Amino acid sequence: METTLFSFNSAALPPAHALAANYSPNSLLPAKSTCVVQSNRRSTIRAAISRSKKEVTVENVKQQLENCYLLAGIKYKGLTVKQLQELRQALPETAKLIVAKNTLVGKAIEGTQWETLKPCMKGMNAWLFVHSEEIPKAIKPYRNFLKEKKLEDNDFTGAVFEGKFYEPAEFTTLENMPTKAEIYAKLLGSLKSPASSLVGTLQAPARQVVMVLKAYVKKLEEEAAASA
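On a predicted model such as this, the values are computed, not experimentally measured, just so you know. (Residues numbered from 1 in each chain as written. Predicted model: local features only at pLDDT ≥ 70, side-chain atom pairs only at ≥ 80, totals over all residues. Heavy atoms only, no water.)

## Some thoughts on helix 3 (residues 81–90)
Consideration 1: What helix 3 keeps buried is the set Gln 83, Leu 84 and Leu 87. The buried residues of helix 3 occupy an angular sector of 100° when projected down its axis, which confines them to one face. Of the exposed residues in helix 3, those oriented more than 90 degrees away from the buried face are Val 81, Lys 82 and Gln 89.
Consideration 2: Packing partners of the buried residues in helix 3 comprise strand 2 (95–99) and helix 5 (135–149). (Buried < 20%, exposed > 50% of the residue type's maximum accessible area, 1.4 Å probe, protein only. Helix = DSSP H or I, 4+ residues; strand = E, 2+ residues; numbered from the N terminus. Arc of directions from axis to C-beta. Contact = heavy atoms within 4.5 Å.)

Below is the structure:
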């Protein structure tokens with residue numbers, strides 16, 4: 001039997017002592033400094049995203065404050081996503097409900113007439129923005145929602161209307177405000193009645209008087225146009 005010998009070119013392989021010198025148990029593992037850099041980079045990205053979301057929320061609140069007549073806080077803790085959806089559907093188109101952190105809303109209202117809302121910024125709040133003078137129309141749907149769902153613990157935490165802060169116990173004043181139609185009817189009736197009745201009407205808050213006078217002027221303009 002013949003024996004075949006295989007030979008290798010010794011020049012193709014590095015010397016054994018060179019292999020031993022270059023070998024390291026950690027040579028196949030990533031360097032520690034690389035892991036630290038990647039971790040810091042991820043942290044920076046997360047911080048940037050979080051900061052961006054906060055800025056968007058603050059800007060959104062500021063936009064809602066434009067042409068806003070009333071801003072109210074609502075105890076948000078305990079409300080489910082489904083309940084919030086149902087509540088939003090029950091509100092009139094002139095009202096907007098937003099869930100946002102107290103700190104972000106506080107930043108948005110800083111230096112404005114809404115800053116008096118800060119006493120109710122405790123716990124978790126949702127925020128009701130009313131973009132109409134018809135305040136009761138925006139508040140009552142939530143009252144009805146509380147009764148229907150038996151959510152006594154999710155009452156209003158406070159509100160600001162015309163620069164004044166209203167405690168939860170004072171909401172009856174806001175809920176019983178007369179509507180535009182009622183104010184118009186009252187003043188128009190006063191203009192046709194004795195002077196004492198008109199004086200009583202003019203003693204009402206300036207905002208209501210202005211609203212009624214506008215309605216009366218409009219009525220006169222319509223009558224003039226009809227007779228022309």
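## Notes on a positive patch on the surface
Consideration 1: Taken together, the side chains of Lys 54, Lys 62, Lys 101 and Lys 107 present a region of like positive charge at the surface.
Consideration 2: Looking at the secondary structure, you find Lys 62 in helix 2 (residues 32–65).
Consideration 3: Take Lys 62: its relative accessible area is 40%, and that puts it in the partly exposed class. (Patch = residues over 30% accessible without salt bridge, like charges linked within 9 Å, V, L, I, M, F, W, Y side chains within 5 Å. Areas by Shrake-Rupley, 256 points an atom, 1.4 Å probe, with all protein chains shown as cover. Salt bridge = Lys/Arg side-chain N within 4 Å of Asp/Glu carboxyl O. Lys, Arg positive; Asp, Glu negative; His and termini not counted. Charge placed at Lys NZ, Arg CZ, Asp CG, Glu CD.)

## Describing helix 5
Consideration 1: The first and last C-alpha atoms of helix 5 sit 22 Å apart over 15 residues, in line with the 21 Å expected at 1.5 Å per residue.
Consideration 2: At its buried positions, helix 5 is contacted by strand 1 (70–75), helix 3, strand 2, strand 3 (125–130), strand 4 (156–161) and helix 6 (171–175).
Consideration 3: Directly beyond the C-terminal end of helix 5, a positive phi value near 55° is found at Lys 150. (Expected span 1.5 Å × (residues − 1).)

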